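Structural overview for review
What follows is each chain in one-letter form.
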Amino acid sequence: MTSPSPRVGVLDYGSGNLHSACRALEAAGAQVVLSSDHAELRTCDRLLVPGVGAFAACMAGLLAVGGDELVAGWVADERPVLGICVGHQVLFGGGSEHGTTVPGLGLYQPTVEQLTSERLPHMGWNQVEPPAGSRLFAGIEQERFYFVHSYGVHQAPAEARVTWAVHGGDRFVAAVERGPVSSTQFHPEKSGAAGARLLRNWLAN
């Protein structure tokens, strides 16, 4: 007897890349619920927070649909959350863009800031450096993943398994695993077979 497919709620707050994320989750074996309705999302087993574009715009969209309260409650109940790209960045203490720092959700304390590489945006495939015992990267420790960003985090969050990447000599946080919360700066849904395996790993753990 096969186990039922996990239900993943994808938080719809006006950010892009929603449909590609939904398709990738479905291909990984999940039932996907795309919604901004808290009651509907709470019927799911897992929550995905997507995000593309500017940190401030994503935070404004999140706050407009009560995403801060939803994510905080989800984490308090120790239910699995995955943030992708700017959905990863908004989990941090804040984002510094164009001389202004906007508060984030504060699950991790460091601040998102512009990368120091001369070649920005960082766009393309990069190998990553996962830590020992990573569940997200089990079986794909040597693979490459697809990044599109100009901002990132240079400090490791406390008490977390941190995966690193390097672009133009600039070392930044590529992924975080801490308790029920996981997040990736890169796009698993655009990372081919390696990204699909990462999503299956998340669904299984």
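Residues numbered from 1 in each chain as written. Predicted model: local features only at pLDDT ≥ 70, side-chain atom pairs only at ≥ 80, totals over all residues. Heavy atoms only, no water.

Some points on the sheet that holds strand 7 (residues 111-114)
This is how it is decided: Paired strands, in this sense, are two strands between which DSSP finds at least two bridges. Strands are runs of DSSP state E lasting at least 2 residues, helices are runs of H or I lasting at least 4, and numbering of each runs from the N terminus. Contacts between residues were defined by any pair of non-hydrogen atoms, one from each residue, lying within 4.5 Å. In this analysis an axis means a line fitted to C-alpha atoms, helices contributing only their contacting stretch, and an angle means the value between N-to-C directions, from 0 to 180 degrees.
If you trace the 4 strands from one edge of the open sheet to the other, you get 6-5-7-10, paired in mixed fashion. The open sheet terminates on both sides in strands that have one partner only, identified here as strand 6 (100-103) and strand 10 (151-152). Here strand 5 (residues 94-97) pairs with strand 7 via 2 bridges, running parallel. Looking at the pairing, Gly94 lines up with Thr111 of strand 7. Running at roughly 25 degrees to strand 6, helix 3 (residues 55-64) makes contact with strand 5, strand 6 and strand 7 of the sheet.

A closer look at the UniProt feature "active site" (unreviewed entry) in the protein
To be explicit about the condition: UniProt positions are given in the numbering used here, feature names are shortened, and annotations may be inferred rather than shown by experiment. Under the scheme applied here, a residue whose accessible area is under 20% of the maximum for its type counts as buried, over 50% as exposed, and between as partly exposed, the area being computed with a 1.4 Å probe on protein chains only.
Within this structure's numbering, the places UniProt gives as "active site" (unreviewed entry) are Cys85, His187 and Glu189. Spanning 105 residues, the named residues nonetheless gather at one spot, since no C-alpha pair among them exceeds 10.7 Å. Cys85 sits in the buried class, given a relative accessible area of 4%. Setting aside anything within four residues of it in sequence, one finds Cys85 in contact with Gly51, Val148, Thr184, Gln185, Phe186 and His187. Its location among the elements puts His187 in the loop between strand 13 (181-184) and helix 6 (192-204).

Let's talk about the environment of Leu62
Along the chain, Leu62 turns up in helix 3. Since its relative accessible area comes to 0%, Leu62 is described here as buried. Sequence spacing of Leu62 and Arg135 is 73 residues, and the spatial spacing of their C-alpha atoms is 27 Å. Not counting residues up to four positions away in its chain, the partners in contact with Leu62 are Leu11, Tyr13, Gly67, Asp68, Val90 and Leu105.

Quick word on the pairing of strand 11 (residues 161-167)
Every other side chain in a regular strand lies on the same face of the sheet, so the side chains alternate between the two faces. Of all the 7 residues making up strand 11, 5 are buried; the element is thus mostly covered by neighbouring parts of the structure. Pairing analysis gives 7 bridges linking strand 11 to strand 12 (residues 170-178), with the strands arranged antiparallel. Considered in strand 12, the bridge of Arg161 is made with Glu177.

Describing the packing of aromatic side chains
Formally: Ring pairs shown here join Phe, Tyr and Trp side chains whose ring centres sit within 6.5 Å, with only the six-membered ring taken for Trp; geometry is labelled stacked below 30 degrees between planes, edge-to-face above 60, and tilted in between. Each ring is checked for a lysine NZ or an arginine CZ that lies within 6 Å of its centre and within 35 degrees of its normal; such an atom marks a charge sitting over the ring.
On inspection of all chains with the given rule, the structure shows 7 aromatic pairs. Here the aromatic rings of Phe137 and Phe145 are separated by 5.6 Å at their centres, their planes lie at 90 degrees, and the arrangement is edge-to-face. Ring geometry for Phe147 against Phe186: centres 5.4 Å apart, planes inclined by 70 degrees, an arrangement best described as edge-to-face. With a gap of 39 residues between them, Phe147 in strand 9 (residues 144-149) and Phe186 in the loop between strand 13 and helix 6 connect regions that are remote in the sequence. An identical accessibility class is assigned to Phe147 and Phe186; each is buried. Put simply, the rings of Phe137, Phe145, Phe147, Phe172 and Phe186 pair up and form one aromatic cluster. The side chain of Arg46 reaches across the aromatic face of Trp202, ending 5.2 Å from its centre. Across from the ring centre of Trp74, 3.9 Å away, lies the NZ or CZ of Arg79, which sits over that ring.

Describing the sheet that holds strand 12
Spatial strand order, 2-1-3-4-13-12-11: 7 strands in an open sheet with mixed pairing. The sheet terminates laterally at strand 2 (31-35) and strand 11, the two strands that pair on one side only. On average, each strand axis in the sheet is inclined to that of its neighbour by 25 degrees, with strand direction left out of account. As judged from the 3 bridges shared by strand 1 (residues 7-11) and strand 3 (residues 46-49), these two strands associate in the parallel manner. Within the sheet, the bridge partner assigned to Val10 lies in strand 3 and is Leu48. Packed onto the sheet, helix 1 (residues 18-27) meets strand 1, strand 2 and strand 3 and runs at close to 160 degrees relative to strand 2. Each of strand 1, strand 3, strand 4 (81-84) and strand 13 is contacted by helix 4 (residues 67-76), which is oriented at about 140 degrees to strand 3, the strand it contacts most.

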